[in-house]
Amino acid sequence: MDVLHFFRERRRKAVAQQPFPAAWTAIVARNVPYVRKLHPDERKRLESLIQIFIAEKNFEGCDGLVVTDEMRVTIAAQACLLLLNLPMASYDRLSSILIYPDAFSYAEEIHDEAGLVTLEDEPVNGLASDEGAIALSWPDALAGAQQCGDGENVILHEFAHQLDELDDAMDGAPALQNRTQYRAWARVLSAEYERLQREVTQGISGLIDPYAATHPAEFFAVVTELFFERPHELKSEHPALYDEMQQYYCQDPAGRVENEATDR
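Residues numbered from 1 in each chain as written. Predicted model: local features only at pLDDT ≥ 70, side-chain atom pairs only at ≥ 80, totals over all residues. Heavy atoms only, no water.

Caption draft 1: How the structure looks around the pairing of strand E6 (residues 133-137). The buried fraction of E6 amounts to 5 of the 5 residues, a majority that puts the element mostly inside the structure. Side-chain alternation along E6 places Ala-133, Ala-135 and Ser-137 on one buried face and Ile-134 and Leu-136 on a second face that is also buried. Where strand E2 (residues 96-100) meets E6, 5 bridges bridge the pair, whose relative direction is parallel. Across the sheet, residue Ile-99 finds its bridge partner in E6, namely Leu-136. (Buried < 20%, exposed > 50% of the residue type's maximum accessible area, 1.4 Å probe, protein only. Helix = DSSP H or I, 4+ residues; strand = E, 2+ residues; numbered from the N terminus. Pairing = 2+ DSSP bridges.)

This is the structure:
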């Protein structure tokens, strides 16, 4: 363990040992109803991750927006949900979260058949950069967190991109444990991605949003949203895909939902 890693881990441990603020608990309960599905041990782990995330990341308001604790905690809770059983180091490259008061413009390069490149402004509600920043529209981020069963969550989507880029390539294949897992991942996700592309071409609509067919990275991010928010449907309609996501995130949201229903 190098010196920098040693001191970072010591700081994180100290932060995680601090009491979780009561005001933050209220924000999570109000804005992130998904946490009700978590086991008490998972909730405690999530709270520790939230504290570390907020201590380490820079939250910046854009276009005049003033950042509040509600914004920080709501975004951190959703981002850290992905990390419940993954290393906190998965977000070490991320330094800043830019928060906009609404959808914002993104200049996208458009390449035509002649090879000419033009810039076209496109309104977006979230964007992940390979330079250590994620940008989010606050109204869309809040709506995605509060409506936790519709399969649309811009925070989960953009932070899935961050995990994807951890191995230096945003290509739909995050850093996995070994070659065997990479082979299974490539086989299953390639087949599912190609299947979706065929369905989109044929005008067939299904569980997975057609946007996921535009790039493997978008496929991984969109499926991540479904994995956490509509797990039963994903497991029923795409069992092999669900299994791969379960192995990667080391979580079983479908089982978690079942447990919540049983406990009532």
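Caption draft 2: Representation of the packing of helix H7 (residues 179-201) against helix H8 (residues 216-229) in the model. For the pair H7 and H8, the least separation of the axes is 11 Å and the interaxial angle reads 95°. Classified by the angle between their axes, H7 and H8 sit roughly perpendicular to one another. Residues Trp-185, Leu-189, Glu-192, Tyr-193 and Leu-196 of H7 form the contact with H8, whose own contacting residues are Pro-216, Phe-219 and Phe-220. Class assignment for the residues of the contact of H7 with H8 results in 7 nonpolar, no polar and 1 charged. (Axes fitted to C-alpha atoms, helices over the stretch in contact; angles between N-to-C directions. Parallel < 35°, antiparallel > 145°, perpendicular 65-115°, else oblique. Contact = heavy atoms within 4.5 Å. Nonpolar A, V, L, I, M, F, W, Y, C, P; charged D, E, K, R; others polar.)

Caption draft 3: Region of the structure containing the packing of aromatic side chains. Inspection of the entire model under this criterion finds 18 aromatic pairs. Each ring, one from Tyr-193 and one from Phe-219, has its centre 5.7 Å from the other, and the planes form 75°; the classification is edge-to-face. Here Phe-219 lies in helix H8 and Tyr-193 lies in helix H7, a separation of 26 residues in the sequence. On the accessibility criterion, Tyr-193 (13% relative accessible area) is buried. With relative accessibility at 1%, the residue Phe-219 sits in the buried group. Taking 6.0 Å as the distance between ring centres and 75° as the angle between the ring planes, the aromatic pair formed by Phe-220 and Tyr-248 counts as edge-to-face. Residue Phe-220 is located in helix H8, and its partner Tyr-248 is located in helix H10 (residues 239-249); the two are separated by 28 residues in the primary sequence. (Phe/Tyr/Trp six-rings, centres within 6.5 Å; stacked < 30°, edge-to-face > 60°.)

Caption draft 4: Structural context of H7. Taking 1.5 Å per residue as the helical rise, H7 with its 23 residues ought to reach 33 Å, and the 32 Å between its terminal C-alpha atoms agrees with that figure. Among all positions in H7, only Gln-181, Ala-184, Trp-185, Val-188, Leu-189, Glu-192, Tyr-193, Leu-196 and Glu-199 are buried. Contact partners of the buried residues in H7: H8 and H10. Its side-chain oxygen 3.2 Å from the backbone nitrogen of Thr-180, Asn-178 forms the N-cap of H7. Remark: Gly-203 follows H7 within two positions and exhibits a positive phi of approximately 75°. (Expected span 1.5 Å × (residues − 1). Polar contact = N/O pair within 3.5 Å; in protein donor to acceptor, adjacent residues only side chain to side chain.)

Caption draft 5: Region of the structure containing the nonpolar core. The biggest cluster of nonpolar side chains holds 74 residues, and the ones touching the most others in it are Phe-53, Phe-159 and Tyr-249. Dropping the residues within four chain positions of it, Phe-159 is found in contact with Phe-53, Ile-75, Ala-79, Leu-82, Tyr-91, Leu-94, Ile-97, Ile-134 and Leu-136. Grouped together as the second largest cluster of nonpolar side chains are 5 residues, Cys-62, Tyr-100, Phe-104 and Val-124 included. (Core = buried A, V, L, I, M, F, W, Y, C linked by side-chain atoms within 4.5 Å.)

Caption draft 6: Summary view of the environment of Ile-208. With respect to the helices, strands and loops of the structure, Ile-208 is situated in the loop between H7 and H8. Once the C-alpha coordinates of Ile-208 and Met-170 are considered, the two residues, 38 residues apart in sequence, prove to be 20 Å apart. The contacts of Ile-208, once residues within four sequence positions are left out, are Leu-196, Phe-219, Val-222, Val-223, Leu-226, His-238 and Leu-241.

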